[in-house]
Structures are given as structure tokens and as C-alpha cells.
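Coordinate analysis (summary)
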Amino acid sequence: MRKMLLTIALAVVAPFAWGQVSETTTTTTTEGSGTITEYSPGSTIVLKESSGPRHYRFGKTVTYVTRSGTVLDEATVRTKVKVGVPVRVHYVGTGDDMMVDRVILDED
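So, here is what we can say about the structure in this document. Everything quoted here is computed from the prediction, not taken from an experiment.

The rules behind the values
Residues numbered from 1 in each chain as written. Predicted model: local features only at pLDDT ≥ 70, side-chain atom pairs only at ≥ 80, totals over all residues. Heavy atoms only, no water. Helix = DSSP H or I, 4+ residues; strand = E, 2+ residues; numbered from the N terminus. Buried < 20%, exposed > 50% of the residue type's maximum accessible area, 1.4 Å probe, protein only. Contact = heavy atoms within 4.5 Å. Salt bridge = Lys/Arg side-chain N within 4 Å of Asp/Glu carboxyl O. Pairing = 2+ DSSP bridges. Axes fitted to C-alpha atoms, helices over the stretch in contact; angles between N-to-C directions.

Turning to the environment of Leu-72, a few remarks are in order. Note on placement: Leu-72 falls in the loop between β3 (52-66) and α2 (74-80). With a relative accessible area of 15%, Leu-72 lands in the buried category. Along the chain, Leu-72 and Ile-104 lie 32 residues apart, while their C-alpha atoms are 9.7 Å from each other. For Leu-72, the residues in contact, after removing those within four places along its chain, are Tyr-64, Val-65, Thr-66, Val-77 and Leu-105.

Let us now look at the pattern of salt bridges. Should their charged atoms come close, side chains of opposite charge can pair. Inspection of every chain in the model, using the stated rule, returns six salt bridges. Residue Arg-78 pairs with Glu-74 through a salt bridge whose shortest N-O separation is 3.4 Å. On the criterion of helical spacing, the pair formed by Arg-78 and Glu-74 is a turn pair, its members being four residues apart in helix α2. What makes Glu-74 exposed here is its relative accessible area of 62%.

Read around the closed barrel, five strands run β1-β2-β3-β5-β4, paired in mixed fashion. Each strand of the sheet is rotated relative to its neighbour by a mean of 60 degrees, with strand direction disregarded. The pairing of strand β2 (residues 44-49) with β3 spans six bridges and is classified as antiparallel. Counterpart to Thr-44 in the pairing with β3 is Arg-57.

As C-alpha cells, then:
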């Protein structure tokens, strides 16, 4: 009896298992670098790059690190991230929709 119930259950569920469609989304992170010309914490950052000024928006979470990868705390970010400081940013998106998720200070 048990074997028959298991067989019926599998027969009912199997078509759904093979009929699933998986969707893959790839996200490309790009990097930009330059000197900060405008900085609004939690909102935007503008970098003077070789091609001219570029505007970036901050994502929901932004990690600030040094060139060697040391994560900076809030107090350090407030004192070190300012206009005139050279940085690199990792961002996702293109055009007016570039969302920064990491800011790398050009120091150790």
C-alpha cells in the first residue's frame, strides 16, 4: 500500500519538477577611478576621470576599503572620504544608472 501511494505521489509531482524553467541573471561589476569632486554620503559621488566628470549613485550598501582591502569604519570614512581624494569605485549599471557598491581609497 505504501509503495503504491509513493508511486502515485511521484507520478503527480514529476511533471512539475521537469517542467520548471530556470532563469539566470548575470551582473557585471565595472570599475571607475578618479578624484572626488563632489561627495554626498549615502547619495552620490562625482569623480573627475580622464574622460571628464562622472556621476555615480550609491547602492543600498556601500563598502569603503583601502587599496590593500582593509574595510574602513564609519568614523574613518567621515574623515578620509572627501573632495580631492583619489578613489576607485566598483559599480553596476550604465549611463545615468551607475550604482556604487564599493569605494576604494588610493591608500593603505
